Amino acid sequence: MNSLLVVGGRVIDPASRFDSVADVLIKDGKISAVGKGLSAPAGTETFDATGKVVTPGLIDLHVHLREPGQTAKENLATGTAAAARGGFTSVVCMPNTSPAIDNSGTVALIRERATREGVVNVFVSGAISKNIAGEELAQIGSLKKAGIVAITDDGHCVQNNELMRRACEYAKMFDLPVMDHCQDYSLVTDGVMHEGYWSTVLGLRGWPAAGEEMIVARNVLLAELTGAKIHCQHLSTAGSVALLRAAKKRGVPISGEACPHHYVLTDAAIAGSEKFWKDDGKELAETQTDELPSWPAYDTNFKMNPPLRPAKDRDAILAGIADGTIEILCSDHAPHCDYEKEVEFDYAPFGITGLETELALSLMQLVHAKRISLPDMIAKYTIAPARLLNLSKGTLSAGADGDVTIMDPEADWIFNVKQSASKSINSPFNGWKLKGKPVATIVAGKKVWVEQGDAVMV
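My aim in this report is to walk through the structure given alongside it, one point at a time. Position labels on residues start from 1 in each chain and follow its written sequence. A pLDDT threshold of at least 70 governs which residues receive local features in this predicted model, and a stricter bar of 80 or more applies before side-chain atom pairs are shown or counted, although totals over entire chains, interfaces and linings include all residues. The basis for every side-chain value is the complete set of heavy atoms in the structure, and neither hydrogens nor water enter the calculation.

What follows covers the overall build of the protein. Segments assigned H or I by DSSP are reported as helices when at least four residues long, segments assigned E as strands when at least two residues long, and all are numbered from the N terminus. Along the protein, the regular secondary structure elements total 16 helices and 19 strands. The globule rule used for comparison is 2.2 Å times the number of residues to the exponent 0.38, while the radius of gyration itself is calculated over C-alpha atoms. By the compact-globule yardstick of 23 Å for 458 residues, the protein fits well, its C-alpha radius of gyration being 21 Å. A simple rule labels every residue: compare its accessible area, found with a 1.4 Å probe on the protein chains alone, to the largest value its type can have, and call it buried under 20%, exposed over 50%, or partly exposed in between. Scored against the burial criterion, the 458 residues of the protein give a buried share of 60%. The protein chains shown are the only cover counted for residues, whose accessible areas, like all others here, come from Shrake-Rupley with a 1.4 Å probe. In the structure as shown, the protein presents an accessible area of about 17100 Å², 50% of it carried by carbon and sulfur atoms.

Below, the structure written as C-alpha cells:
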C-alpha cells in the first residue's frame, strides 16, 4: 500500500483549523498522523516540503472531461493529468457528454475507466433530465445507486420550473445537491458576450446579467420551497451575489461557486489586450513585470458561458468570495479542439481550460491581493466542496484519505498552453506571469505528479 512522510511544510487544514509547520504521515493510503517530528515505519519514502505549504488534496467540483463521446477535446487520462498538474486530487465531471450521463450504465462506464486510466479521483455528476433536454427527469434514484455525487444539466439549464421543482424533491430524497447552470434562455436568446458597452462597441449579440439572475432567484425560491440543496454554478454578476447573500442570511440551503476567469478578467478583454490592460486590468498589470500578455480583439479564448462581465460585477464576485457568500472555487474546465475555436466569435463554442491555472490565479487575485487569507482560500477548494457533495475528502484528519497537495504560493512562472497536460489549449491566460503553483500532487499516498525543476515527473 502507499505510504509517505511529508516533512517540514506549513500544514494548513481548514477543516480542523490546523495551521503550523508540521509533518504529515500517510500509511496505507490514509492519513495516519499530523504533527512535529513524526517518525515513519522503515522503508517509508520521505518528501521534503520545507518552505512549502501542505494542504488537503484540492477538489474541483466543476470539470468537463468530455468522455464519453467527445474525446478529441479531452479524455479521462489527459483531463486527470491536467488536474494533477494543477494540484487537484479530486475532480467532479459534468454530464453533458455524448451520450449524456443520464443512466447508471454510463456512470459505471466512467467510474471503471477513471479507475483504470485516471491519475486522480474522479467523481461523477448525473443529469437532471434525460439527454439534458430539460423535458423529462432522469432516473435520479438509479443514478444515485450507481454512485453519482450530484445532479446537474450543466451546459444547459432546466427552463421548466415544475420539472426543476420535482428534481429538487427527488434530490432531497436521495441526499444529492442540485448544481445548476443559471441561464434563462428567453432573456439570453443568442447572446455571445455580456450585454453592455463593449457588446455595443464590438457589434456582438448581448447576454444580459438578468439572464443569470432570473434563474438564481428561481433557485432561491425552489430551495426554500423544497429544502433541497441547490448550488448555483459559475456565478458572474453582482445581482446573483446579492440574491445569494440575502438568501443565505435567511437560512436557505443554497450555495454558489466562482471561477477565476470571472474574478480576474472583464468583458473589456474581448476588445483586445490593450483595452483590458488600460483600465480593468490596471491592477493586474503590476503583476506582469515583463511585457504584458497581448491578444487581439474577438479572441474566442475569452468566450465562455456565463460571459465575462464588467468590472463592477468582477468586484462583486470578489466581495462575495471575501465575505463567504461564495463558498466554493472551481475552474469550469471546458476544453475544445483548436479548429472549433478558430472561427468567428459568434460561432465559436463557449468555454476555456482552467485546471492548470486556477490555483495560481486564485492565489494572485485573492491571497496575494490580500482579499482573503490563504487558509480561507484553501477551505474553498477542500472542505467546502467536500461538504456540499458529502465526500470523505478535504481534510488531513487521521483516518482520512491520503490526498495531499503541496504548493509554493510564492513561485513565479509563465503559463504556456503548449506545455499543458490537457488535449486542448483554449486558455485566455497563455503567456501570463503567474505567482504560486503546486509542486506535488499526492493521491492515496501515491505521488501522481511532482515538479522537479524544469522537468515534470508523473
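Let us look at the environment of Ser236. Residue placement: Ser236 occurs in the loop between β13 (230-232) and α8 (238-249). Owing to a relative accessible area of 2%, Ser236 belongs among the buried residues under this scheme. Placed 27 residues apart in sequence, Ser236 and Ala209 show a C-alpha to C-alpha distance of 8.1 Å. Non-local contacts of Ser236, meaning those with residues more than four positions away in its chain, are made with Glu212, His262, Pro306, Pro307, Arg309, Asp313 and Ile317. Polar contacts involving the side chain of Ser236 include one to the side chain of Glu212, which spans 2.7 Å. There is a polar contact of 3.0 Å between the side chain of Ser236 and the side chain of Arg309. Note on contacts: a residue pair is in contact if any heavy atoms of the two residues lie within 4.5 Å. Residues adjacent in sequence count toward polar contacts only when both atoms are side-chain atoms; beyond that, a polar contact is any pair of N or O atoms within 3.5 Å, and within protein one must be able to donate a hydrogen and the other to accept it.

What follows is about the nonpolar core. Counting residues in each nonpolar core, the largest one holds 102 residues, and the members touching the most others are Ile254, Tyr263, Ile321, Met377 and Trp432. In terms of residue count, helix α14 (residues 358-368) provides more of this core than any other element does, seven residues in total. Those residues within four positions of Trp432 in sequence are excluded, and the remaining contacts are Val264, Leu265, Phe276, Trp277, Gln288, Pro293, Trp295, Trp413, Ile414 and Phe415. Working definition of a nonpolar core: buried Ala, Val, Leu, Ile, Met, Phe, Trp, Tyr and Cys residues. They are joined through side-chain atoms within 4.5 Å. By size, the runner-up hydrophobic cluster in this structure holds 18 residues, among which are Val24, Ile26, Ala49 and Ile406.

Turning next to helix α15 (residues 374-381). Helical periodicity: at 3.6 residues per turn, an α-helix aligns residues three or four positions apart in one direction. Most of α15 sits inside the fold, with six of its eight residues counted as buried. The set of residues buried in α15 consists of Leu374, Met377, Ile378, Ala379, Lys380 and Tyr381. The opening residue of α15 is Ser373, an N-cap whose side-chain oxygen sits 3.2 Å from the backbone nitrogen of Asp376.

Take the side chain of Arg218 next. Mapped onto the elements, Arg218 comes out in helix α7 (residues 210-226). With a relative accessible area of 8%, Arg218 lands in the buried category. Setting aside anything within four residues of it in sequence, one finds Arg218 in contact with Cys157, Val158, Gln159, Asn160, Asn161, Met164 and Asp180.

A separate point is the pattern of salt bridges. A carboxyl oxygen of Asp or Glu within 4 Å of a side-chain nitrogen of Lys or Arg is what we treat as a salt bridge. A complete count under the given rule lists 25 salt bridges for this structure. We note a salt bridge from Arg85 to Glu356, for which the minimum N-O separation is 3.9 Å. Of the two residues, Arg85 sits in helix α1 (residues 76-85) while Glu356 sits in the loop between α13 (338-341) and α14, which places them 271 residues apart along the sequence. Residue classification places Arg85 among the partly exposed residues on the basis of a relative accessible area of 23%. A relative accessible area of 11% places Glu356 in the buried class. Its salt-bridge partner being Arg371, residue Glu283 comes within 3.4 Å of it at the nearest N-O pair. Separated by 88 residues along the polypeptide, Glu283 in helix α11 (residues 282-285) and Arg371 in the loop between α14 and α15 bring together distant segments of the chain. The class for Glu283 is partly exposed, based on a relative accessible area of 44%. Judged by its relative accessible area of 28%, Arg371 falls in the partly exposed class. Salt bridges sharing partners connect three or more residues here, namely Lys30, Lys393, Asp401 and Asp403.

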